Amino acid sequence: MKNKINILIPIFIVLVLIYVIRSVAGPRVQVEVLLEGSMEDVVNTKAVLIKNETLLNPTVDGVSEPLVSDGTRVAAGQPVVAVYSESVDPELRTRLEQVKRKLSLLDAEQANLLSYTGDMSRLEKKIAEQTAKMIEKTQEGDMAAVSELQFIIEVLCEKKAQLSGNGTGGGTLEALTAEKQQLESQIGNAHHQITAPVAGEFTTMIDGFESELTPEQMNRLTPSALQSFLDRDRGQEVKAEADACKIVNNFCYHVALNLPADRVNTLRVGNTASLRLYELSGELISGKITHISSEEEGMCTVILECDRYIESLLKRRFVNVEFIKNRYSGYRVSVKSLHTKDGVTGVYVRRDDVLKFIPVTILYNSQDIAIVDSANTENPLRLYDEVVVSASSYEEGKLLR
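What you see is a predicted model; the values in this text were computed from it and never measured. (Residues numbered from 1 in each chain as written. Predicted model: local features only at pLDDT ≥ 70, side-chain atom pairs only at ≥ 80, totals over all residues. Heavy atoms only, no water.)

Our focus in this paragraph is helix α6 (residues 223-230). Burial in α6 covers these residues: Pro223, Leu226, Phe229 and Leu230. Axial view of α6: buried residues confined to an arc of 120°, hence all on one face. In this structure, the buried residues of α6 make contact with β2 (35-56), β8 (245-260), β11 (299-306) and β12 (318-334). (Buried < 20%, exposed > 50% of the residue type's maximum accessible area, 1.4 Å probe, protein only. Helix = DSSP H or I, 4+ residues; strand = E, 2+ residues; numbered from the N terminus. Arc of directions from axis to C-beta. Contact = heavy atoms within 4.5 Å.)

With that settled, the discussion passes to the packing of aromatic side chains. Under the definition given, this model contains 4 aromatic pairs. With centroids separated by 6.1 Å and ring planes inclined at 65°, the aromatic side chains of Phe209 and Phe229 adopt a geometry described as edge-to-face. Of this pair, Phe209 sits in the loop between β7 (200-203) and α6 while Phe229 sits in helix α6, and the two are 20 residues apart along the sequence. In this pair, the class of Phe209 matches that of Phe229, namely buried. (Phe/Tyr/Trp six-rings, centres within 6.5 Å; stacked < 30°, edge-to-face > 60°.)

Glancing now at the pairing of β8. In terms of residue burial, β8 counts as a mostly covered element, since 13 of its 16 residues are buried. Pairing geometry for β2 and β8, over 9 bridges, is antiparallel. When the bridges of β8 are listed, Ala47 appears paired with Leu257. With 3 bridges connecting them, β7 and β8 associate as antiparallel partners. For Phe202, the partnering residue across the bridge sits in β8 and is Ile247. Where β8 meets β11, 8 bridges bridge the pair, whose relative direction is antiparallel. Note on β11: the bridge partner recorded for Tyr253 is Cys306. (Pairing = 2+ DSSP bridges.)

Inspection of the secondary structure assignment puts Ser337 in the loop between β12 and β13 (338-341). Of note is the side chain of Ser337, whose polar atom sits 2.6 Å from the backbone oxygen of Ser334. (Polar contact = N/O pair within 3.5 Å; in protein donor to acceptor, adjacent residues only side chain to side chain.)

Moving on: helix α3 (residues 120-140). Along its 21 residues, α3 runs 30 Å from first to last C-alpha, staying within 8% of the 30 Å computed at 1.5 Å per residue. Among the residues of α3, those classed as buried are Leu123, Ile127 and Gln130. Viewed end-on, α3 has its buried residues packed into an arc of 70°, placing them on one side of the element. Exposed side chains of α3 directed beyond 90 degrees from the buried face belong to Ser121, Lys125, Gln139 and Glu140. Downstream of α3 by one or two residues, Gly141 has phi in the positive range, about 80°. (Expected span 1.5 Å × (residues − 1).)

Core analysis: the biggest nonpolar cluster contains 26 residues, and Tyr253, Val255, Leu257, Leu304 and Phe323 have the highest contact counts within it. Of all the elements in the fold, those that place two or more residues in this core are β2, β8, β9 (272-276), β10 (284-292), β11 and β12. Per element, the largest residue contribution to this core is 5 residues, and it comes from β8. Apart from residues no more than four positions distant in its own chain, Leu257 is found in contact with Thr45, Lys46, Ala47, Leu226, Cys300, Thr301, Val302, Leu304, Val321 and Phe323. (Core = buried A, V, L, I, M, F, W, Y, C linked by side-chain atoms within 4.5 Å.)

Turning next to the layout of surface pockets. Of the voids in this model, the largest pocket is the one considered here, and its volume is about 790 Å³. Around the largest pocket sit 24 residues that line it, and Leu67, Glu97, Gln98, Lys100 and Arg101 are the ones nearest its centre. Residue assignment for the lining of the largest pocket shows that the elements contributing at least two residues are β3 (63-66), α2 (90-115), α4 (143-164) and α5 (171-187). The leading source of residues in the lining of the largest pocket is α2, at 9 residues. Class assignment of the residues belonging to the lining of the largest pocket gives a composition of 8 nonpolar, 8 polar and 8 charged. (1 Å grid on protein atoms, 1.4 Å probe; cavity = no way out; pocket = protein on both sides within 12 Å on 5 of 7 lines; lining within 4 Å. Points joined across faces, edges and corners; volume = space filled by probe spheres on them. Nonpolar A, V, L, I, M, F, W, Y, C, P; charged D, E, K, R; others polar.)

Relative to the helices and strands, Arg263 resides in the loop between β8 and β9. With relative accessibility at 23%, the residue Arg263 sits in the partly exposed group. Remark: the alpha-carbon pair of Arg263 and Val42, spanning 221 residues in sequence, is separated by 9.7 Å. Sequence-distant contacts of Arg263, that is, excluding residues within four places in its chain, are made with Asp41, Val42, Val43 and Lys325.

Together, Val33, Leu35, Leu383 and Tyr384 make up an exposed nonpolar region whose accessible area comes to about 390 Å². Along the chain, the position of Leu383 falls in the loop between β16 (369-374) and β17 (386-391). Looking at Leu383, the relative accessible area reads 37%, which means it is partly exposed. (Patch = residues over 30% accessible without salt bridge, like charges linked within 9 Å, V, L, I, M, F, W, Y side chains within 5 Å. Areas by Shrake-Rupley, 256 points an atom, 1.4 Å probe, with all protein chains shown as cover. Salt bridge = Lys/Arg side-chain N within 4 Å of Asp/Glu carboxyl O.)

Bringing the pairing of β7 into the picture now. Taken together, the 2 bridges between strand β4 (residues 73-74) and β7 define a ladder with antiparallel strand orientation. Across the sheet, the residue bridging to Arg73 is Glu201, located in β7.

Attention now goes to the pattern of salt bridges. Tallied over the entire structure, the rule returns 17 salt bridges. Of the charged contacts, one joins Arg317 and Glu53 as a salt bridge, the two residues approaching to 3.0 Å between their closest N and O atoms. Here the residue Arg317 occupies a position in the loop between β11 and β12, and Glu53 occupies one in strand β2, the gap between them amounting to 264 residues. Neither residue differs from the other here; Arg317 and Glu53 are each classed as buried. Across the pair Glu210 and Arg317 runs a salt bridge, and its minimum N-O distance is 4.0 Å. Here Glu210, found in the loop between β7 and α6, pairs with Arg317, found in the loop between β11 and β12; they are 107 residues apart in sequence, far enough to count as distant. Residue classification places Arg317 among the buried positions, given a relative accessible area of 2%. Look at the salt bridges and you will find they share partners, linking Lys51, Glu53, Asp207, Glu210, Lys246 and Arg317 into a network.

Here is the structure:
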């Protein structure tokens with residue numbers, strides 16, 4: 001038995017040495033796992049937003065006060081601004097607007113209040129949720145939101161008392177309605193309201209470009225004309241224009257940008273292209289090209305019509321954008337893994353420890369990375385293939401280990 005062990009030990013040592021020698025002297029390869037990916041042909045630039053904007057200017061003298069908050073979507077015919085005579089007590093008109101706001105909140109809550117009838121547990125859950133929100137807004141210092149939440153909680157507690165048989169309900173509505181009538185009788189004819197002539201987003205942010213950058217005039221833009229507007233960017237600063245406000249169409253807007261002429265040569269009016277407003281959202285916005293200007297000093301102005309709503313977008317005039325001419329999807333490989341064999345471009349993959357050449361079609365490539373696809377279905381790439389990035393030598397069929 002001892003002699004048998006003595007024979008096995010040298011055999012084991014010889015096998016280990018053979019493995020080490022083959023590992024050191026054999027072909028050295030570096031591989032990467034083949035994964036799907038995408039790349040974009042992108043131009044980073046600055047753009048101007050062109051919107052359908054309707055300016056609202058009071059036709060009578062007085063102090064204007066918005067009836068809705070900035071960014072609120074309003075319907076055509078909805079009152080949006082109150083104009084008060086200089087003789088009206090400011091405290092009186094402030095109180096009137098507060099009462100109107102509470103009535104508006106109460107009206108919005110009516111459907112919910114009716115649904116709570118006979119369901120005390122759901123009502124108590126709602127009160128707890130609103131109380132938690134009020135605490136959160138208090139910590140944030142948003143006292144306007146705290147005041148509104150406090151009012152809603154009062155209304156909900158009134159409903160709870162009614163369901164418990166400790167109250168009749170409706171007292172808040174009656175009290176607010178009576179106070180509104182009293183305040184309006186005190187103000188009398190000393191104020192009037194401005195209604196929205198069209199539906200859209202209400203804002204008091206006026207930048208002075210409303211009459212210069214319009215959908216009717218935008219097709220006259222040239223690269224130099226657009227650049228003159230871009231040069232006037234004041235970092236979203238708004239022009240102080242007394243008592244002015246506007247309604248913005250929140251369903252459609254245009255984005256105008258200057259692009260190098262050689263990046264425009266394949267674009268046509270009516271084509272679809274994509275934008276990314278990376279300061280506001282990482283999502284792609286699809287737009288239809290409505291205008292391509294003549295070339296001017298190597299640049300062209302391109303205008304896209306978009307309808308994707310992004311929060312706060314319509315309050316801006318100038319935006320930094322990525323214009324995405326094309327997006328390519330396929331397999332992602334290192335450029336240095338691409339080789340040419342007999343005039344055919346492809347990559348070498350390691351399958352069963354043997355080098356295999358796979359022809360590919362290059363969809364797009366940068367300095368380091370390429371997006372490729374299989375050149376034919378008979379000899380395709382496979383997801384998770386081991387693509388050879390570097391090797392001491394390339395020879396199809398070579399045993400790597």
